[in-house]
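As a plain string of letters, each chain reads:
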Amino acid sequence: MIAVPEQYADILHSNALAYVATTGPKGAPQVSPVWFGWDGEKIFFSTTKARQKFQNILREPGVSVAITDPKNPFRSLEIRGTAHGEDDHGHRVAHLIAQKYLGHDATPETPPAHEERVVI
């Protein structure tokens, strides 16, 4: 569970991008912008098993997530912690997050069979 000060909760409910920092295979940092969700306790996002950020998290689960207030670029939130992944069967979480950002499912048609999605 993440303890976020109440005055920053609006950022977690915004349509801002989250910047997820992981550690690459040679120890260098890698940062990826992602759409994210917040359930009141955890921040989460969907990605594929083929993505470098997922491979990085499998090897080194320590991450940092930065989110800037879309209304005020001088106000931001950083969350540090340990990430883990679970299968996103049927792209359920990918669709949930797409609804937040787009107002519709991520993939209206059937997702590619080879695309294995996970929730981080």
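Since we're looking at a predicted model, the values are computed, not measured. In this numbering scheme, every chain counts its residues from 1 along its sequence in written order. Totals for whole chains, interfaces and linings use all residues, but because this is a predicted model, local features are given only for residues with pLDDT of at least 70 and pairs of side-chain atoms are given and counted only at 80 or more. Water and hydrogen atoms play no part in the side-chain values, which are based on all heavy atoms of the structure.

Brief notes about the pattern of salt bridges
Stage number 1. Salt-bridge detection follows one rule: a side-chain nitrogen of Lys or Arg within 4 Å of a carboxyl oxygen of Asp or Glu. Applying the stated criterion across every chain yields a total of six salt bridges.
Stage number 2. With a shortest N-O distance of 3.1 Å, Lys-49 and Asp-87 are connected by a salt bridge. With Lys-49 in the loop between strand 5 (46–48) and helix 2 (52–59) and Asp-87 in strand 8 (residues 86–87), the pair connects residues that are 38 residues apart, well separated along the chain.
Stage number 3. On the basis of relative accessibility, which here comes to 27%, the residue Lys-49 falls in the partly exposed class.
Stage number 4. Throughout this description, buried means an accessible area under 20% of the type-specific maximum (1.4 Å probe, protein chains only), exposed means over 50%, and partly exposed covers the range between. By relative accessible area, which is 40% here, Asp-87 ends up partly exposed.
Stage number 5. Across the pair Arg-75 and Asp-69 runs a salt bridge whose closest N-O atoms are separated by 2.6 Å.
Stage number 6. Ionic contacts of the salt-bridge type, sharing partners, join the residues Asp-10, Asp-69 and Arg-75 into one network. Put simply, DSSP H or I for four residues or longer makes a helix, DSSP E for two residues or longer makes a strand, and each gets a number counted from the N terminus.

What to know about the pairing of strand 1 (residues 18–23)
Stage number 1. Of the two faces of strand 1, only one is covered, namely that formed by Ala-18, Val-20 and Thr-22; the face formed by Tyr-19, Ala-21 and Thr-23 stays uncovered.
Stage number 2. Pairing between strands is defined by DSSP: at least two bridges between the two strands are required. Examined bridge by bridge, strand 1 and strand 2 (residues 29–34) share six bridges and lie antiparallel to one another. Paired with Val-20 across the strands is Ser-32, a residue of strand 2.
Stage number 3. Hairpin connection between strand 1 and strand 2: a loop of five residues separates the two successive antiparallel strands, and Gly-27 in this loop has a positive phi of roughly 90°.
Stage number 4. The pairing of strand 1 with strand 6 (residues 62–68) spans four bridges and is antiparallel. The residue of strand 6 that forms the bridge with Tyr-19 is Ala-66.

With respect to the packing of aromatic side chains
Stage number 1. When two rings of Phe, Tyr or Trp (its six-membered ring) have centres within 6.5 Å they constitute a pair, described as stacked for plane angles under 30 degrees, edge-to-face for angles over 60, and tilted for the intermediate range. Applying the stated rule across the entire model yields one aromatic pair.
Stage number 2. With 4.9 Å between their ring centres and 5° between their planes, Trp-35 and Tyr-101 make a pair best called stacked. Taken together, the positions of Trp-35 in the loop between strand 2 and strand 3 (37–38) and Tyr-101 in helix 3 (residues 92–102) put the pair 66 residues apart, joining distant regions of the chain.
Stage number 3. What makes Tyr-101 buried here is its relative accessible area of 15%.
Stage number 4. Throughout this description, the term charge over a ring refers to an Arg CZ or Lys NZ atom that lies within 6 Å of the ring centre and within 35 degrees of the ring normal. Just above the ring of Phe-36 sits the side chain of Lys-100; from NZ or CZ to the centre is 3.8 Å.

A short note on the nonpolar core
Stage number 1. The biggest cluster of nonpolar side chains holds 25 residues, and the ones touching the most others in it are Leu-12, Phe-36, Ile-43, Ile-67 and Ile-120.
Stage number 2. Counting residues per element, the ones that place at least two in this core are helix 1 (9–12), strand 1, strand 4 (43–44), helix 2, strand 6, strand 7 (76–82), helix 3 and strand 9 (117–119). Note on terminology: a nonpolar core comprises buried Ala, Val, Leu, Ile, Met, Phe, Trp, Tyr and Cys residues joined through side-chain atoms within 4.5 Å.

Focus on a nonpolar patch on the surface
Stage number 1. Like charges within 9 Å and nonpolar side chains (Val, Leu, Ile, Met, Phe, Trp, Tyr) within 5 Å are joined into patches, using only residues over 30% in relative accessible area that form no salt bridge. Working definition of accessibility: Shrake-Rupley area with a 1.4 Å probe, residue cover restricted to the visible protein chains. Side chains of Leu-17, Tyr-19, Val-31, Trp-35 and Leu-102 sit close together on the surface and give an oily, nonpolar patch of about 450 Å² of accessible area.
Stage number 2. Mapped onto the fold, Tyr-19 is located in strand 1.
Stage number 3. Its relative accessible area of 38% is what places Tyr-19 among the partly exposed residues.

Comments concerning helix 2
Stage number 1. Buried residues of helix 2: Lys-53, Phe-54, Asn-56 and Ile-57, and no others. Down the axis, helix 2 shows its buried residues gathered within 160° of arc, on one side only.
Stage number 2. On the buried face of helix 2, the contacting elements are strand 1, strand 2, strand 5, strand 6 and strand 9. Arc definition: directions from the helix axis to the C-beta atoms. Residue contacts follow a heavy-atom distance rule, with two residues in contact if any of their heavy atoms lie within 4.5 Å.

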